[in-house]
Amino acid sequence: MKISFIKYENQEDYQIPKILGMKVEEIKEPEEIDNKIQELKNNKYNTIIIPNELASFSEKMDKYKYDDTINIIITPSNKDY
């Protein structure tokens, strides 16, 4: 199982996901979220963790919930972009 965490470049450093062996991907603009998810999916990542604020920028989140090859986990966050 390959797991990745996507974060916005201005967010704090995510040490816990790194310690747990997750790849932490950084995007420069929140609008890049769908492209990054697709890139990770193409690289055989099957679990992707995304903060709620970034998930809200996705135009394809409904499509992912019906995709059996990928699990999207949305984490709560209080930060604003």
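Here the residue index of a chain counts from 1 through its sequence in written order. With pLDDT at 70 or above as the cut-off, local features in this predicted model cover only qualifying residues; side-chain atom pairs require 80 or more to be listed or tallied, and sums for whole chains, interfaces and linings still use all residues. In computing side-chain values, all of the structure's heavy atoms are included and hydrogens and water are not.

Attention now moves to the overall build of the protein chain. Only DSSP runs of H or I with at least four residues qualify as helices, and only runs of E with at least two residues qualify as strands; both kinds are numbered from the N terminus onward. Looking only at helices and strands, the protein chain has four helices and four strands in total. Sequence-ordered secondary structure for the protein chain, helices as α and strands as β, is β-α-β-α-β-α-α-β. Taken over C-alpha atoms, the radius of gyration comes to 12 Å for the protein chain, in line with the 12 Å a tight globule of 81 residues would show. Counting only C-alpha atoms and orienting by the principal axes, one finds that the protein chain spans roughly 30 × 30 × 20 Å. We call a residue buried when its accessible area falls under 20% of the maximum for its residue type, exposed when it is over 50%, and partly exposed in between, using a 1.4 Å probe and counting protein chains only. Put simply, the protein chain has 81 residues, and 38% of those count as buried. Long-range contacts, defined as pairs at least 24 residues apart, comprise 57% of the intrachain contacts of the protein chain with a sequence gap of at least 6. Method for areas: the Shrake-Rupley scheme with a 1.4 Å probe, in which residue coverage is limited to the protein chains shown. Taken as a whole, the protein chain presents about 5300 Å² of accessible surface, with 46% of it coming from carbon and sulfur. For the purpose of counting charges, residues Lys and Arg are taken to be positive, whereas Asp and Glu are taken to be negative. His and the chain ends are not included. The atoms used to mark charge sites are NZ of Lys, CZ of Arg, CG of Asp and CD of Glu. Here the protein chain holds 12 positive side-chain charges and 16 negative ones, and the gap between their average locations is 7 Å. Here the radius of gyration uses the C-alpha set of atoms, whereas the globule reference equals 2.2 Å times the residue count to the power 0.38. For this analysis, residues touch if any pair of their heavy atoms sits within 4.5 Å.

Pairing of aromatic rings covers Phe, Tyr and Trp, the last through its six-membered ring, and needs centres within 6.5 Å; plane angles under 30 degrees mean stacked, over 60 mean edge-to-face, and all others mean tilted. Per the stated rule, a full pass over the model turns up zero aromatic pairs. Charge-over-ring placement is defined geometrically: NZ (Lys) or CZ (Arg) within 6 Å of the ring centre, and within 35 degrees of the ring normal. A cation over a ring is seen here: Lys 2 above Tyr 45, with NZ or CZ 4.5 Å from the ring centre.

The next subject is the pattern of salt bridges. Salt bridge criterion: a side-chain nitrogen from Lys or Arg within 4 Å of a carboxyl oxygen from Asp or Glu. A complete count under the given rule lists six salt bridges for this structure. Between Asp 67 and Lys 41 there is a salt bridge, with the nearest N and O atoms lying 2.4 Å from each other. With Asp 67 in the loop between α4 (61-64) and β4 (71-75) and Lys 41 in helix α2 (residues 33-42), this pair connects stretches of sequence that are 26 residues apart. Since its relative accessible area comes to 23%, Lys 41 is described here as partly exposed.

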